[in-house]
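Read off the chains here:
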Amino acid sequence: MYLQKALTKSIRTDFIVEMVQMVSGLLLVLFLWTHMVFVASILLGQSSFGALAGFMDKYELLPVTVVVLIFIFAAHIGAIMRHLPARWAEQKVAWRHAKMIRHKDTWSWLFQIVTGFGILLFAFIHIVAVTYGGISVSLSKGRIDNPGFLIFYAILLLMSEYHASVGLYRIFVKWGFVNRHRLDRVLGVVTLLMLVIGFVTLGVFLTLKVAGGGVA
Amino acid sequence: MSPRELTFHIFRYDPETPEVKPHTQTFKIPEEPAMTLFVALNKIRDEQDPTLKFDFVCRASICGSCGMLINGKASLACKTLTKDLPSDITLFPLPAFKLLGDLSVDTGTWFRDMSVRTESWIHTDKVFDETAQEEKMDDDLSLEIYEAERCIECGCCVGVCATANIRPNFIGATGINRVSRFMLDPRDKRDEQEYFEVVGNDDGIFGCVGLMACDDSCPIGVPLRGQLAYVRRKMAVAGWHRK
C-alpha cells in the first residue's frame, strides 16, 4: 500500500475514464456518420440540402451541435491522454517498437494518434468556419471552389473516417463477441462506402451550379 | 538440391560492457533438414562464437525460456523451423524485459512480480483435510481453466505489447489471463470487487488498448483475446456495481 493509494477514495476512476473514452468515441462516430448523411443530401438536389440547412437554422441546432460536440471532443481527448505515449522517450519507444515487431494493429494505433491530432486541428478550423459562416449550399460551394479548402476537406474526410474505423474496430476487439478478421473486413467496407459518399459529395459540390443566386 | 545458406543477423549487447554499443552481428551457416532455431543457435555458439548469449532449457516449447523476436515476430526459438523462414533471419531479444545480454532476457523477475501483484493463488479460508476425498470439478470447467493454465510464461505477449513497453507496471495479457484462471476457479473465494482491486485499473485490464499483438504472438495459442475480453466484461460489471 502507498499513501496516495490509501488516500484515494474511489478506485473506479480508471474504469470510468475508460467508459468515457468509449462512449465519447461512439458518439463521435455517430456524429460523423450523421454529418455525412446530412452533407450528402446534396446528392438528392440542392433543395434537400437547403431544407436540412433550413431545419437546422429554424431550431438553432447549429450552435447546440457545436457546443455539445466540443464537450464530447474534450471528453474523448481527456480520456485518451492516459494511454498515449505522452513523453518524448515513450514516443520513441512506441515507434521503434512498431517498426521492430511489424504488426499491423500496432501501426494503426500510432496512425490513430497522428490522425487524432490531425482531426483536432482540422475539425477546429472547420467548426470555426461553419459557426461563423453558417450552412448553405452557396457557402459550401464557395469553400469547395477554393483548391486549398478542397484539399483540406479531402484530408479531413480521410483522417476522420480512418480514425472512426480503427476506433470502432478497437472497441469491438477489446470487448469480444465478434470475429476479429471478419470485423476488420466489415468495417473496411463501411469505411470505404463512407469515403465514396464523401468524395462523390465533394465532386458534386465542385461541379455544382448554385440555383437561385445562392440562396438555399 | 544443395542446402540453403542461412544468414543470421543477431542482436549483440552486453550490459556489462556498455562501451561496446548495441549492434547486430552476422553469422552464416548451412541449413540442415528439420533444423530449428535452437539447433542453429547452438551451432553458431559451438562453431563460431562461444560468447553468444541465449536461453534454452527444454527445447520442446514447455519451459518458455527461448522467446525472442524472430524477424520481428515473437515466438519460441525451439519450435521455429528454419525452413519456415526466409534465408535472412533477424533475431532480437524480447523487449520489455530486463536485457541480460544478446538474446537473453530475465523474464523470471517480471513474472514473479506479476504473480505477487495478481495474487496468483487460491484464496480460501477452507482448511485442507488431507484425509478427505478430493473435490470433483466439472469437466468443461476444468478444461476452461486448463486453457488459461497452458501459459508457459515465455513472455512473448508482454514483449510485443506496446503498452507493456511504455508502462512498466502493466501486467500484460499473461497477467490478465492468469487472473481469468482464478476467476473461473470455484475454489477461489474472491468476489468480483476483490478482483476489481487487482485488475480493474490502468495497470490491469483498462490499461489494454486492444492492439492484440499478444493474441497474434502467443506461441502456444492461448486464446488471449478471449481472456482479455472476458476479464474486461467481468470488471466492467464489477465497476458498475462498485459504490
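Since the structure is predicted, the reported quantities are computational estimates derived from the model, not experimental observations.

*Asks:* What is the right way to look at the overall build of chain A in this model?
*Replies:* In terms of helices and strands, chain A carries 9 helices and 0 strands. Its helices and strands in sequence order give chain A the pattern α-α-α-α-α-α-α-α-α, from N to C terminus. Once the C-alpha set of chain A is aligned to its principal axes, its extents read approximately 70 × 40 × 35 Å. The buried share of chain A, reckoned over its 216 residues, is 41%. Contacts spanning at least 24 positions in sequence make up 77% of the contacts within chain A whose residues lie at least 6 apart. Carbon and sulfur atoms make up 75% of the accessible area of chain A, which amounts to about 12400 Å² in all. In chain A, 19 positive and 9 negative side-chain charges are present, and the distance between their average locations comes to 8 Å.

*Asks:* Would you mind showing me how to read a negative patch on the surface here?
*Replies:* Residues and elements named next belong to chain B. On the surface, Asp138, Asp139, Asp140 and Glu144 cluster together into a patch of negative charge. Take Asp138: it is sitting in the loop between helix 2 (107-117) and helix 3 (139-149). Among the residues examined, Asp138 registers a relative accessible area of 49% and is labelled partly exposed.

*Asks:* Got a minute to help me understand the packing of aromatic side chains in this structure?
*Replies:* The geometry of an aromatic ring pair comes down to the distance between the two centres and the angle between the two planes. In total, this model carries 16 aromatic pairs over all chains according to the counting rule given. Relative to B:Phe206, the ring of A:Phe15 has its centre 5.5 Å away and its plane inclined at 45 degrees; by these criteria the two rings are tilted. With one member in each of two chains, A:Phe15 in helix 2 (residues 13-39) and B:Phe206 in the loop between helix 7 (192-199) and helix 8 (213-217) form a pair that bridges those chains. Of the two residues, A:Phe15 and B:Phe206, neither departs from the other in class, the shared state being buried. Centroid distance A:Phe122 to A:Phe152: 4.8 Å. Interplanar angle 5 degrees. Geometry classified as stacked. A residue pair is termed long-range when its members are at least 10 positions apart, and A:Phe122 in helix 6 (residues 104-133) and A:Phe152 in helix 8 (residues 147-175) qualify at 30 residues. Relative accessible area serves as the criterion here: at 17%, A:Phe122 is assigned to the buried category.

*Asks:* Sorry if this is basic, but what is going on with the packing of helix 6 (residues 172-184) of chain B against helix 9 (residues 224-241) of chain B here?
*Replies:* Between two packed helices, both the angle of their axes relative to each other and the distance between the axes serve to describe the pair. Residues and elements named next belong to chain B. Their axes nearest at 9 Å, the elements helix 6 and helix 9 cross at an angle of 65 degrees. As helix 6 packs across helix 9, the resulting crossing turns out to be left-handed. Contacts between helix 6 and helix 9 involve Ala173, Ile176, Asn177, Ser180, Met183 and Leu184 on the former and, on the latter, Leu224, Gln227, Leu228, Tyr230, Val231, Lys234 and Met235.

*Asks:* Which parts of the structure should I look at to understand the interface of chain B and chain A?
*Replies:* Put simply, an interface is often sized by how much accessible area is lost when its parts join up. On the chain A side, the residues contacting the 36 residues of chain B number 31 residues. Buried area between chain B and chain A, both sides added, is near 3000 Å², and the carbon and sulfur share of it is 60%. Of all residues in chain B, B:Ile166, B:Leu211 and B:Arg225 bury the most surface against chain A, accounting for 21% of the area lost on that side. Connecting chain B to chain A are 5 salt bridges. Across the chain B-chain A interface, the total number found is 16 residue pairs in polar contact (both at pLDDT 80 or more). Among the secondary structure elements, those contributing two or more residues to the side of chain B that touches chain A are helix 5 (162-166), helix 7, helix 8 and helix 9 of chain B. Counting residues per element, the side of chain B that touches chain A draws most heavily on helix 9 of chain B, at 8 residues. A per-class count over the side of chain B that touches chain A returns 18 nonpolar, 9 polar and 9 charged.

*Asks:* Got a minute to help me understand the pattern of salt bridges in this structure?
*Replies:* Charged atoms that come close allow side chains of opposite charge to pair. Here the structure, examined in full by the defined rule, presents 27 salt bridges over all chains. Across the pair A:Glu90 and B:Arg167 runs a salt bridge whose closest N-O atoms are separated by 3.1 Å. Here the residue A:Glu90 occupies a position in helix 5 (residues 88-101), and B:Arg167 occupies one in the loop between helix 5 and helix 6, the pair thus bridging two chains. Residues B:Glu147 and B:Arg150 are paired through a salt bridge, measuring 3.2 Å at the closest nitrogen-oxygen approach. Overlapping salt bridges, with partners in common, bring together A:Glu18, A:Arg82, A:Lys174, B:Asp202 and B:Arg232 in one network.

*Asks:* Can you walk me through the nonpolar core in this structure?
*Replies:* Side chains of a nonpolar character, in soluble globular proteins, are inclined to be buried together. Of all hydrophobic cores here, the largest spans 78 residues; its most connected members are B:Phe8, B:Ile10, B:Leu41, B:Leu91 and B:Met235. Looking at which domains feed residues into this core, each of domain 1 (5-105) and domain 2 (118-241) of chain B supplies at least three. Not counting the four nearest positions on each side in its chain, B:Leu41 is found in contact with B:Ile10, B:Leu52, B:Phe54, B:Phe56, B:Met68, B:Leu91 and B:Leu103. Residues A:Ile42, A:Val66, A:Val137 and A:Ala154 belong to the second largest nonpolar core, which totals 23 residues.

*Asks:* What is the right way to look at the sheet that holds strand 4 (residues 73-76) of chain B in this model?
*Replies:* Each strand in a sheet pairs with another by means of backbone hydrogen bonds, the pair being arranged parallel or else antiparallel. Residues and elements named next belong to chain B. The 5 strands are arranged 2-1-5-3-4 in an open sheet whose pairing can be described as mixed. Every other strand in the sheet has two partners, leaving strand 2 (23-30) and strand 4 as the edge strands with one partner each. With direction set aside, neighbouring strand axes in the sheet form an average angle of 35 degrees. Inspection of the sheet shows strand 1 (residues 5-12) paired to strand 2 by 8 bridges, in the antiparallel sense. For Phe8, the partnering residue across the bridge sits in strand 2 and is Phe27. Running at roughly 75 degrees to strand 1, helix 1 (residues 37-47) makes contact with strand 1, strand 2, strand 3 (67-70) and strand 5 (88-93) of the sheet.

Conventions adopted
Residues numbered from 1 in each chain as written. Chains lettered and ligands numbered in written order. Predicted model: local features only at pLDDT ≥ 70, side-chain atom pairs only at ≥ 80, totals over all residues. Heavy atoms only, no water. Helix = DSSP H or I, 4+ residues; strand = E, 2+ residues; numbered from the N terminus. Buried < 20%, exposed > 50% of the residue type's maximum accessible area, 1.4 Å probe, protein only. Contact = heavy atoms within 4.5 Å. Areas by Shrake-Rupley, 256 points an atom, 1.4 Å probe, with all protein chains shown as cover. Lys, Arg positive; Asp, Glu negative; His and termini not counted. Charge placed at Lys NZ, Arg CZ, Asp CG, Glu CD. Patch = residues over 30% accessible without salt bridge, like charges linked within 9 Å, V, L, I, M, F, W, Y side chains within 5 Å. Salt bridge = Lys/Arg side-chain N within 4 Å of Asp/Glu carboxyl O. Phe/Tyr/Trp six-rings, centres within 6.5 Å; stacked < 30°, edge-to-face > 60°. Axes fitted to C-alpha atoms, helices over the stretch in contact; angles between N-to-C directions. Left-handed = near helix turned anticlockwise from the far one by under 90°. Buried area = accessible area lost by both parts, 1.4 Å probe. Polar contact = N/O pair within 3.5 Å; in protein donor to acceptor, adjacent residues only side chain to side chain. Nonpolar A, V, L, I, M, F, W, Y, C, P; charged D, E, K, R; others polar. Core = buried A, V, L, I, M, F, W, Y, C linked by side-chain atoms within 4.5 Å. Domains from an automatic or database assignment. Pairing = 2+ DSSP bridges.

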